[in-house]
Amino acid sequence: MSFACTGLHPIQYGRVWGQRVYSQLRHASKVAVLFQDIEPPVINGVQKPKKPGGYQDSGADIAFTLRSKGLDVVTPVASPDVFDHQDWCFSDTEEGIHSAVQNGATHLWANTILFDSHPLQRSQKLTPRASDIFVVGQPPSMVEDFDDKAYLNGKLRDIGGYTLPKSWLVQASDDLEGTIGSISRFPYVGKPVRGRGSHGVKLCYNASQLKDHIETLLKESPLIMIEEFLAGEEATITVMPPSPEHPVHWSMPPVLRFNHSDGIAPYNGVVAVTANSRVVTDDEMKDRAYSKIMEESVNVARLIGATAPIRIDVRKFEKGSDFALFDINMKPNMTGPGRPGREDQASLTAMAAFAIGWDYGTLLQKILASATPLSVFRAYKSPL
């Protein structure tokens, strides 16, 4: 497979990714994976839903696979059960993180939702080690700002050069009927501004449906987004962070989504993404819309200073049109095959990696090689 997006996706990079960084990781690092144990705080009146299980399933996939690749992985249980994901990950509480460090962890894989008050950002126990502990993940203050879909999309609109759908923000005190009445053509989508997967996302075919859905969402969140429905094909693009072997952000191949449920891609906990997704073909990549949206996606990652993979969901306005960015995910799902019974659990990012010759373990090693010192992680300042 080859790509027309010169400079964004150097396909040979995936095939010749050297062993030097892997060798250094094997000999110099001890990795601990963190899961989401902390309830996300209310931010600007909005609370992101906590994932049941706190991403322990993907955390166990990461820890098991890295250990299978020969890396030193620290676990809270001396002999973790391959079938029990709770044995593989440390809590992301201050006590859990400190326990991982006390057990020798030099690299903390933050497989959790971060925010500015998170212990990775604020714990004084970690401060003396801030220069020699490395973190895989996005800086907490970045996530707090840019996990808000409305905020980030609004900033991108202000800057210009990004293709986005029309949208409105509504709160309980607004004239909801007036806002909906200004929409001339349906369907439209109603969704939370801080969501998880497809939680709360619904395609509404008329004003009455949209009003009912927004009123339901307002019971759990004070701010809701109404967004133009993009009727064309959907894809998702993983943008990788800079690393020792590749010093700039770059795009993996797009993964197409299909078999939607009422116009919305179903949550991967209900339908495995391997059942409704595939990597684009060489012939499909001749469509210039792909190279254009890949470039925009890389520009987003570069603009916000992403230090870990981000995954951007894109969709065409209609058949034959350009793609629009409609959901920028600060923490892509990172499940993958390796543990028994997980053969169909490749994430969208892992599927893209397979297309460039990386197995799941190689993808994880590449991400680990881009880990950021905790001192740098904490010092992040938003450019917007």
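These lines cover the structure that appears in this document, whether it is placed above or below. Computed from a prediction, not measured in an experiment: that's the story for all the values here. (Residues numbered from 1 in each chain as written. Predicted model: local features only at pLDDT ≥ 70, side-chain atom pairs only at ≥ 80, totals over all residues. Heavy atoms only, no water.)

1. Section: the overall build of the protein chain
Summing up its helical and strand segments, the protein chain has 13 helices and 18 strands in all. Across the 384 residues in the protein chain, those meeting the buried criterion constitute 57%. In the protein chain, the proportion of contacts linking residues at least 24 apart, taken out of those at least 6 apart, comes to 72%. Entry remark: accessible area of the protein chain is about 15300 Å², with carbon and sulfur atoms responsible for 50%. (Helix = DSSP H or I, 4+ residues; strand = E, 2+ residues; numbered from the N terminus. Buried < 20%, exposed > 50% of the residue type's maximum accessible area, 1.4 Å probe, protein only. Contact = heavy atoms within 4.5 Å. Areas by Shrake-Rupley, 256 points an atom, 1.4 Å probe, with all protein chains shown as cover.)

2. Notes on the sheet that holds strand β8 (residues 167-171)
Read across the open sheet, the four strands follow the order β8-β11-β9-β10; overall the sheet is antiparallel. Strand pairing shows two members of the sheet lacking a second neighbour, β8 and β10 (202-204), which therefore form its edges. Across the sheet, the mean angle separating the axes of adjacent strands is 30 degrees when strand polarity is ignored. Inspection of the sheet shows β8 paired to strand β11 (residues 223-228) by five bridges, in the antiparallel sense. Note that in β11 the partner of V170 across the bridge is I224. Where helix α7 (residues 149-159) meets the sheet, it contacts β8, β9 (188-192) and β11, and its direction lies at approximately 50 degrees from that of β11. Where helix α9 (residues 207-218) meets the sheet, its contacts fall on β8, β9, β10 and β11, and the angle it forms with β9 comes to roughly 5 degrees. (Pairing = 2+ DSSP bridges. Axes fitted to C-alpha atoms, helices over the stretch in contact; angles between N-to-C directions.)

3. Re the side chain of T335
With respect to the secondary-structure elements, T335 resides in the loop between β17 (323-329) and α11 (348-355). Given a relative accessible area of 3%, T335 falls into the buried group. Among the polar contacts listed, one links the side chain of T335 to the side chain of N333, at a separation of 3.2 Å. Reaching out from T335, the side chain makes a polar contact with the backbone oxygen of Q345 at a distance of 2.7 Å. In contact with T335, other than residues within four places in its own chain, are D57, S58, D61, R342, Q345, A346, S347, A350 and Y360. (Polar contact = N/O pair within 3.5 Å; in protein donor to acceptor, adjacent residues only side chain to side chain.)

4. Topic: the side chain of K149
Tracing the backbone through its elements, the reader meets K149 in helix α7. Here the side chain of K149 touches D327 through a polar contact of 2.8 Å, side chain to side chain.

5. Describing the environment of Q138
With respect to the element layout, Q138 can be found in the loop between β7 (134-136) and α6 (140-146). In this structure, the C-alpha to C-alpha distance between Q138 and A306, residues 168 residues apart in sequence, is 6.3 Å. Excluding its chain neighbours within four sequence positions, the residues that come into contact with Q138 are L114, V143, A306, T307, A308, P309, I310, M330 and F377. A polar contact is formed between the side chain of Q138 and the backbone nitrogen of T307, at a distance of 2.9 Å. There is a polar contact of 3.4 Å between the side chain of Q138 and the backbone oxygen of P309.

6. Quick notes on unusual backbone geometry
Between F186 and the following residue, P187, the backbone shows a cis peptide bond with an omega angle of 10 degrees. With phi around 65 degrees, Y55 is a residue other than glycine that occupies positive phi space. Following the sequence through the fold, Y55 ends up in the loop between β3 (46-47) and α3 (56-68).

7. Focus: the packing of α3 against helix α12 (residues 360-368)
The contact between α3 and α12 brings their axes to 9 Å, and the two run at 95 degrees. Comparing the axis directions of α3 and α12 gives the class roughly perpendicular. Across from S58, D61, I62, T65 and L66 in α3, the residues of α12 making contact are Y360, G361, L364 and Q365. (Parallel < 35°, antiparallel > 145°, perpendicular 65-115°, else oblique.)

8. Quick notes on the packing of aromatic side chains
What the rule picks out here adds up to six aromatic pairs. Ring geometry for Y290 and F323: centres 5.0 Å apart, planes at 55 degrees, overall tilted. With Y290 in helix α10 (residues 288-304) and F323 in strand β17, the pair connects residues that are 33 residues apart, well separated along the chain. Summarising the burial analysis for this pair, Y290 and F323 share the class buried. Within the aromatic cluster, the residues linked to one another by ring pairs are W168, F186 and Y188. The residue whose ring lies beneath K331 is Y55, and the NZ or CZ to ring-centre distance is 4.0 Å. (Phe/Tyr/Trp six-rings, centres within 6.5 Å; stacked < 30°, edge-to-face > 60°. Lys NZ or Arg CZ within 6 Å of the ring centre and 35° of its normal.)

9. Focus on the pattern of salt bridges
Oppositely charged side chains can form a pair if their charged atoms are brought close together. Counting across every chain of the model gives 18 salt bridges. Between D132 and R129 there is a salt bridge, and its shortest N-O distance comes to 2.8 Å. (Salt bridge = Lys/Arg side-chain N within 4 Å of Asp/Glu carboxyl O.)

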